[in-house]
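Descriptive analysis of the structure
Listed below, chain by chain, are the residues.
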Amino acid sequence: QVQLVESGGGLVQAGGSLRLSCATSGRISSINVMGWYRQVPGKQRELVAAITSAGSTNYANSVKGRFTISRDNAKNTVSLQMNSLKPEDTAVYYCNVKQGPALYDYWGQGTQVTVSS
């Protein structure tokens, strides 16, 4: 079974930084997309950043220039460096992997990020 475990969430003041990490286990394909999503009450889960096995990245417009996603293909880990955090970044952040013929989604349990004003 594929398992994803996030770490690094917490409480930080506006303007501060946090680094989220996601460790994976199980059968992770060498060809996949890893990413971070976030969700707040009353809103749909939204993509924050994603990175392919080849290193191509996509970012939500709201985090461009502030967040950086990276991955280690050998370890099958993905991280999200979050700088210049804003209160609107407050959410539960979920690690995600898409793989297989149907690009099936695998999700972590989520980690809370709270940014105080």
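The rules behind the values
Going along each chain's sequence as written, the residues are numbered from 1 onward. pLDDT decides what is reported in this predicted model: residues at 70 or higher carry local features, side-chain atom pairs at 80 or more are listed and counted, and totals for whole chains, interfaces and linings draw on all residues regardless. Processing note: side-chain calculations cover all non-hydrogen atoms of the structure and skip hydrogens and water entirely. Put simply, a salt bridge is a Lys or Arg side-chain nitrogen that is within 4 Å of an Asp or Glu carboxyl oxygen. Secondary structure elements follow DSSP: runs of H or I of four or more residues count as helices, runs of E of two or more count as strands, with numbering from the N terminus. Relative accessibility decides the category of a residue: with a 1.4 Å probe and only protein chains considered, values under 20% of the type maximum give buried, values over 50% give exposed, and everything between is partly exposed. Working definition: a disulfide is two cysteine sulfur atoms within 2.5 Å of each other.

1. What about the pattern of salt bridges?
- Scanning the entire structure with this criterion turns up four salt bridges.
- Note that Asp89 and Arg66 form a salt bridge whose closest N and O atoms lie 2.8 Å from each other. One end of the pair, Asp89, is in the loop between β8 (77–82) and β9 (91–99); the other, Arg66, is in the loop between β6 (57–59) and β7 (67–72), with 23 residues separating them in the sequence.
- Take Asp89: its relative accessible area is 1%, and that puts it in the buried class.
- Of the residues examined, Arg66 reaches a relative accessible area of 11% and is grouped as buried.
- The salt bridge partner of Lys98 is Asp105, with a shortest N-O separation of 2.5 Å.
- Taking relative accessible area as the criterion, Lys98 reaches 21% and is therefore assigned partly exposed.

2. Examining unusual backbone geometry
- The residue Asn76 is not glycine, and still its phi comes out positive at about 55 degrees.
- Relative to the elements of secondary structure, Asn76 occurs in the loop between β7 and β8.
- With phi around 50 degrees, Ser84 is a residue other than glycine that occupies positive phi space.
- With respect to the element layout, Ser84 can be found in the loop between β8 and β9.
- Owing to a relative accessible area of 41%, Ser84 belongs among the partly exposed residues under this scheme.

3. Considering the state of the cysteines
- Enumeration over the complete set of coordinates arrives at one disulfide.
- With its sulfur 2.1 Å from that of its partner, Cys22 forms a disulfide with Cys95. On the sign convention where negative is left-handed, the bridge of Cys22 and Cys95, at about -85 degrees about the S-S bond, is left-handed. In this pair, Cys22 sits in strand β3 (residues 18–25) while Cys95 sits in strand β9, placing the two residues 73 residues apart along the sequence. You'll find Cys22 and Cys95 in the same group, each marked buried.

On their own, these measurements won't tell you what the molecule is for.
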